[in-house]
Amino acid sequence: MVEQCKFCTPSSQFEPISLTAGVITTVLGLIAALFGGGAVGAAIALIGGYATLSEVCRWLRGGKLLCIQKDACAIGLVYGLEPVGFEKPFPTNIDNDYAINIVLAPHFPSETETTLQQGPQGHFIAPQPVLQDHGLGWVGYKGGHYQNRKSWTLHCEFEGNRPCTFCDAMKAAVAVAIVAAVICAIPIFGWIACAIAGAIAAVVLVVMLLAGWLGADDGDPSNHAVNPGDGDLHVPDATGQGGDYVVVTGDWVYDAGHDGWNEFHPCRTVQKIQGAPYWAQGNSDAALRDFKLVLNDWCGAIKEAATPLTTDAQGRPEHRWQFHPELDGCVPDDAPEPPR
Amino acid sequence: MTQIQPMLKRLAATLEELLKLAAIGWVRLVVNALPILLAIIRRRLPGLCRERLRRDSARKCMPVHAKVYRRPDPLIYSQTYLMAQGLAVTWDNPDIRIEQAGVPVSAHALQPDTEYAIISRVWNGATDAPAVHLPVRFTVFGFGIGTGGTVLGETHVNLGVKGSATCPTFASMAWRTPPNPGHYCIQALLVWADDANPLNNLGQTNTDVQPLNSPRARFNLMVGNPGRARRTIRLVADGYRLPARARCPDKPDDEPASRRRQMLARHGMARHPVPEGWHVDIEPVELTLAGGEERPVLVTLTAPTDDFTGRATVNVNGFAYGHADEHEDGTPIGGVTLHAEGHGHG
C-alpha cells in the first residue's frame, strides 16, 4: 500500500477521456518534422505527446473514478482475490492495484443480482442515478474465480501507485526532450550541442520509462519483506467454509475505466470480523432486519474512530498509554484526584 | 464548435503547463523521479521473478499490507502478560469486579447460593480498529495458583477504539454462587483471533483477606500445574500494590523504549519487596507436579509487631520451570494477592 495518489472525480467535474487534441498536435508536429520542419516540428510533436500523456494521466489518476460517496463502509464475505496484474496484460498493467471481491452480507453467494441489490447494502452494487447524467453503462461485477464459482460482488481495490510514478517519470522525460528540441531549434547552438542534448534526452527518456514502470509500489506485501502488521485474507474452500468476513471502508465510485460497475476505490481499510457470520444469513425479513443492526454497529464504530472528537482525544496524554491505563496512563490536570 | 472549444482549452492548458516545465519544472520532476531509480535497485528487482507466481486467479489466500489492514487490540489488566514483561502485578485486578444489586462486593466475601454480577472493564489498545461483538468469557476457579476452573459463560460487548466514547467498555454476566460456601477467583478472557496483541487478553482477580492472629495470618491455597508435562512450580512473594495514576505531564514521552524504562522503574518486578518488617513463609515454596496435578500450600504472613493496625498486602506469584519451552526465569502461571488485617490487639 502506498500513499493515495488517485482521487475520485465529483460528478460536476467528470469528463470522459479525450485524446484527440494531443494526438492531432503530435501528428501535425511529426508531419512538419518530416517535411523540413526539423526541430520545430519535433517540438510541436512533443507538445502534442505531452498533451496526450497528460490526458491519459488525468484519467488514470482518478479522472475515470466517478465519486458516488466518500468514506463508505460495507460488510461481506471475501469471495475473490485479484493480485497485482490479475487479468491485466501489458500495457493495461500500468494499473497495479490489487483487489478483493466481497459478497455483501447477509446474503449467500448463490443469490441473484436482483436479490443482492435489494439487500441492506444492495445500493453499492446497483446502478446509481449519477451514471445516467454521464451516459455511463452498467454490467455489474461478477467476481469470485475460485474453482470457477462466481457471485455478484462488491469489487474493492487497494491502491498501487504505478499510474502516478509512471506519469511523473514520463512527464519529466518529455519535458527534457522538449528542452533538447528547443536547443536544436536555436541556430547558434549548432549540431554538436543538439546531438548532446538529444542523447541526454534519449537516455533520460529510457531511464524514466523504466523507473516509472518498475519503480512503482504495488502495495502488495508479497513483494516486500513481511511486516508484522500485514494481514491475509482467505476465500471459502471447496465446501464453502473458511472464507473471511470483512468490514471494508473506501470511496464508493463508478470506475469508467471498466465495462460498468461500482466499486470501492481506493479501499482504505479492511478488517476481519471475529466469529462471523454471527447474524442470520439469507434474504428473509428477519435476516435483513437483524443485519442492519450489525452494519450500524460496525460502520458506526469505524466512523467513530475517525471523528475529530476521537482523534483529538487520542492525542491527549491520558489516552497515550501503551501497556495499560493503570500502569502508564495518567490523570489529566483538570480531573479530580483519583480515588485509591 | 462546441467540441473544438474544450480541445483548444485543453491544448492551451497543456502549453501553459509545458512553459512552466520548460522554465524550471522539469528539474523538479527529474529530481522527484530519481528516488524511483533507487527503488528499483533496492526493492523491485528481486520481486520481478516472483511476479508470475502472484498472478494466479485461483489463490485461496492473499496478503494485505499493514497500512490498509486493521487489527484491534482488546486488552485487560493481564497479569501473566505483564509478568512476562518483567513487571510486578496485583491479583486484585482493577478491571474485574463483582457487584450485588449494583454495589461492589469483595471477591473473598461472597455468600453461597447468591446472585452476583461479574463485571469486566475492557480496553482497546488500537486507535483505528474497533472490536464489535467482542466475546468476553468468564471462568470461575477455586482459590489458588494454576488450578483448573469452570467456564461460566460468554457475553459480547462493542469495544470502540482507544480514546472513543466506547473505550473502555464493560462486560457483565450474572453469576449465582454454588450452594456450598467457598472462596472463588474470577477470570475474564477476551476472545479475538485476529488480535494485534493476543497476549494481553486474560485477566484474573484472585484475592483473600485474613485477620492477624498473634501476629500471623494464614492462607490456604491450591497450587496446580496447568500444563501437560511435569513441571516445577516456584512460588515468589512481593509487596507490589497498584499505585495511583500519575498526573499527566505537559509533554508525554511516547518513545516505546523510554516508556518501557519508566514502566520498569515504577512497576518492575524486583522493585517491590514484601513490606518492611513482615515475614512471608510459603510451605512448600517449590513443588514438582504432573500435568493437571494440584497440591495445597500454606502461606503465613507474620507482622512486625503483635499490635499491628491496618492492612498489609503480599502477592504470591507462581512460575513454572523445567519444560523445554519455558523461559529461564520461569513461565508465569498465576498468583494470588493476600491481605492481612490487624486491629492492634494482638
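The structure reproduced in this document is the subject of the present report. All values reported here derive from a predicted model rather than from experimental measurement.

### Some points on the overall build of chain A
What chain A contains, in helices and strands, is eight helices and nine strands. Counting over 340 residues, chain A shows a buried share of 47%. Considering only intrachain contacts with a sequence separation of at least 6, the fraction spanning at least 24 residues in chain A is 71%.

### Structural notes on the sheet that holds strand S17 (residues 286-289) of chain B
Strand pairing in a sheet relies on backbone hydrogen bonds. The paired strands run either parallel or antiparallel. Residue and element names in this part refer to chain B. Read across the sheet, five strands follow the order S12-S20-S19-S14-S17 without closing on themselves; strand pairing throughout is mixed. Looking along the sheet, the strands with just one partner apiece sit at the ends: strand S12 (207-211) and S17. Direction aside, neighbouring strands of the sheet carry axes that sit 25 degrees apart on average. The sheet contact formed by strand S19 (residues 309-321) and strand S20 (residues 331-343) spans 12 bridges and is antiparallel. The residue of S20 that forms the bridge with Gly310 is Gly342.

### Let's talk about the sheet that holds strand S10 (residues 184-190) of chain B
Residues and elements named next belong to chain B. Spatial ordering of the open sheet is given by S8-S6-S10-S11, a layout of four strands whose pairing is antiparallel. Lying at the two open borders of the sheet, with one neighbouring strand each, are strand S8 (149-159) and strand S11 (202-205). For this sheet the average axis-to-axis angle between neighbouring strands, irrespective of direction, equals 20 degrees. Summarising the sheet, strand S6 (residues 131-142) and S8 pair through nine bridges and their orientation is antiparallel. Across the sheet, Val136 pairs through a bridge with Thr155, a residue of S8.

Conventions we followed
Residues numbered from 1 in each chain as written. Chains lettered and ligands numbered in written order. Predicted model: local features only at pLDDT ≥ 70, side-chain atom pairs only at ≥ 80, totals over all residues. Helix = DSSP H or I, 4+ residues; strand = E, 2+ residues; numbered from the N terminus. Buried ≥ 20, exposed ≤ 12 C-beta atoms within 10 Å, placed from the backbone. Contact = placed C-beta atoms within 7 Å. Pairing = 2+ DSSP bridges. Axes fitted to C-alpha atoms, helices over the stretch in contact; angles between N-to-C directions.

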